[in-house]
Amino acid sequence: MIDTTTAPASASTPLTAFDRCDACGAQAYVRVELALGEFLFCGHHAAKHAEKLRPEAVHWHDERSKLYAGDARTAPVGADS
Ligand SMILES: [Zn+2]
């Protein structure tokens, strides 16, 4: 339930190789925007924190589909778009 009509412009900005996971420093694939700030997470930490942060997230920008493209071994966890 992401309301794109009220999301800030930054919400749709693609993540780049310069965006790093706040937890481990790996390349970030998820940007979680909260009322008080934002977090960047790699696929691993996005999955780890999704349960807690999803209900509080103003916007959940998820590019983990990039990670899983062409990799049938790993199923997306909680990915929706
Ligand atoms: Zn991480």
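Each chain carries its own residue numbering, running from 1 in the written order of its sequence. Confidence filtering applies because this is a predicted model: local features only for residues at pLDDT of at least 70, side-chain atom pairs given and counted only at 80 or more, and all residues used for totals across whole chains, interfaces and linings. Excluded from the side-chain calculation are hydrogens and water; included are all heavy atoms of the structure.

Visitor: I would appreciate a short explanation of the coordination of the zinc ion in the present structure.
Guide: Coordination angles at a metal have ideal targets, namely 109.5 degrees for four tetrahedral donors and 90 or 180 degrees for six octahedral donors. Sites may look incomplete because water is not among the atoms; the donors themselves are N, O and S atoms within 2.8 Å of the metal, or within 3.2 Å for Na, K and Ca. Note on the zinc ion: its protein donors are Cys-21 (SG), Cys-24 (SG), Cys-42 (SG) and His-45 (ND1). The metal-donor distances range over 2.0 to 2.3 Å. The rule is simple: four donors are tetrahedral if all their angles sit between 85 and 135 degrees, four are square planar and six octahedral if opposite donors span more than 155 degrees and the others lie between 65 and 115, and anything that fits none of that is irregular. Geometry at the zinc ion is tetrahedral, judged from its 4 donor atoms and the angles of 102 to 114° they form at the metal. Donor residues for the zinc ion sit on one chain with the sequence pattern C-x2-C-x17-C-x2-H. Remark: His-45 occurs in helix α1 (residues 43-53) and Cys-24 occurs in the segment before β1 (30-34); sequence separation between them is 21 residues. Think of it this way: any DSSP run of H or I at least four residues long counts as a helix, any run of E at least two long counts as a strand, and we number them from the N terminus.

Visitor: Please clarify how the pairing of strand β3 (residues 59-62) should be interpreted in this entry.
Guide: The side chains of a regular strand alternate, residue by residue, between the two faces of the sheet. Neither face of β3 is left uncovered, since the one carrying His-59 and His-61 and the one carrying Trp-60 and Asp-62 both have all their residues buried. Think of it this way: DSSP has to see at least two bridges between two strands before they count as a pair. Across 4 bridges, the pairing between β1 and β3 is antiparallel. Following the sheet pairing, Glu-33 is matched in β3 by His-59. Categorising residues by exposure relies on relative accessible area from a 1.4 Å probe, with only protein chains included: less than 20% of the type maximum marks a residue as buried, more than 50% marks it as exposed, and the intermediate range marks it as partly exposed.

Visitor: How should I be thinking about the nonpolar core in this particular structure?
Guide: The tendency in soluble globular proteins is for nonpolar side chains to be buried as a group. Side-chain atoms within 4.5 Å are what join buried Ala, Val, Leu, Ile, Met, Phe, Trp, Tyr and Cys residues into a set we call a nonpolar core. With 10 residues, the main nonpolar core is built from Cys-21, Val-30, Val-32, Leu-34, Phe-41, Cys-42, Ala-46, Ala-50, Leu-53 and Trp-60. Among the secondary structure elements, those contributing two or more residues to this core are β1 and α1.

Visitor: Got a minute to help me understand the confidence of the model for the chain in this structure?
Guide: As a note on interpretation, predicted positions should not be read in detail where pLDDT is low. Mean pLDDT over the chain stands at 83; residues scoring 70 or higher make up 72%. The score called pLDDT rates the predictor's confidence residue by residue, from a low of 0 to a high of 100. Across the chain, the secondary-structure element scoring lowest on mean pLDDT is helix α2 (residues 64-68), at 87, and the one scoring highest is β1, at 97.

Visitor: What should I look at first to understand the sheet that holds β3 in this one?
Guide: In any sheet, the strands associate via hydrogen bonds between backbone groups, in a parallel or an antiparallel arrangement. Within the open sheet, the 3 strands sit side by side as β2-β1-β3. Their pairing is antiparallel. Pairing within the sheet leaves two strands with one partner each, and these edge strands are β2 (37-41) and β3. The sheet shows a mean angle of 10° between the axes of neighbouring strands, direction not considered. Bridge count for β1 against β2 is 5 bridges, and the pairing is antiparallel. All axes here are fitted lines through C-alpha atoms, helices being fitted over the stretch that makes contact, and every angle between N-to-C directions spans 0 to 180 degrees.

Visitor: Where do I start with the packing of aromatic side chains in this structure?
Guide: Two descriptors summarise a pair of aromatic rings, namely the distance from one centre to the other and the angle between the planes of the rings. Between rings of Phe, Tyr and Trp, where Trp is taken as its six-membered ring, a pair exists when centres lie within 6.5 Å; planes separated by under 30 degrees are stacked, by over 60 edge-to-face, and by other angles tilted. All told, the structure shown has 1 aromatic pair when counted by the stated rule. Relative to Phe-41, the ring of Phe-39 lies with its centre 5.7 Å away and its plane at 25°, an arrangement referred to as stacked. Overall, Phe-41 belongs to the buried group, its relative accessible area being 5%. The ring of Trp-60 is capped by Arg-54, whose NZ or CZ atom sits 4.5 Å from the centre of that ring. Only when the NZ atom of a Lys or the CZ atom of an Arg is both within 6 Å of the ring centre and within 35 degrees of the ring normal do we say a charge sits over the ring.

Visitor: Looking at this model, I keep getting lost on the pattern of salt bridges. Mind explaining?
Guide: Between side chains of opposite charge, pairing is possible as soon as their charged atoms come close. Any carboxyl oxygen of Asp or Glu that lies within 4 Å of a side-chain nitrogen of Lys or Arg is treated as forming a salt bridge with it. Going through the model one piece at a time under the given rule, you end up with 2 salt bridges. Ionic pairing is found between Asp-62 and Arg-64, a salt bridge with its closest N-O pair at 2.6 Å. You'll find Asp-62 and Arg-64 in the same group, each marked buried. Among the salt bridges present, the one from Lys-66 reaches Glu-63, with a minimum N-O distance of 2.9 Å.

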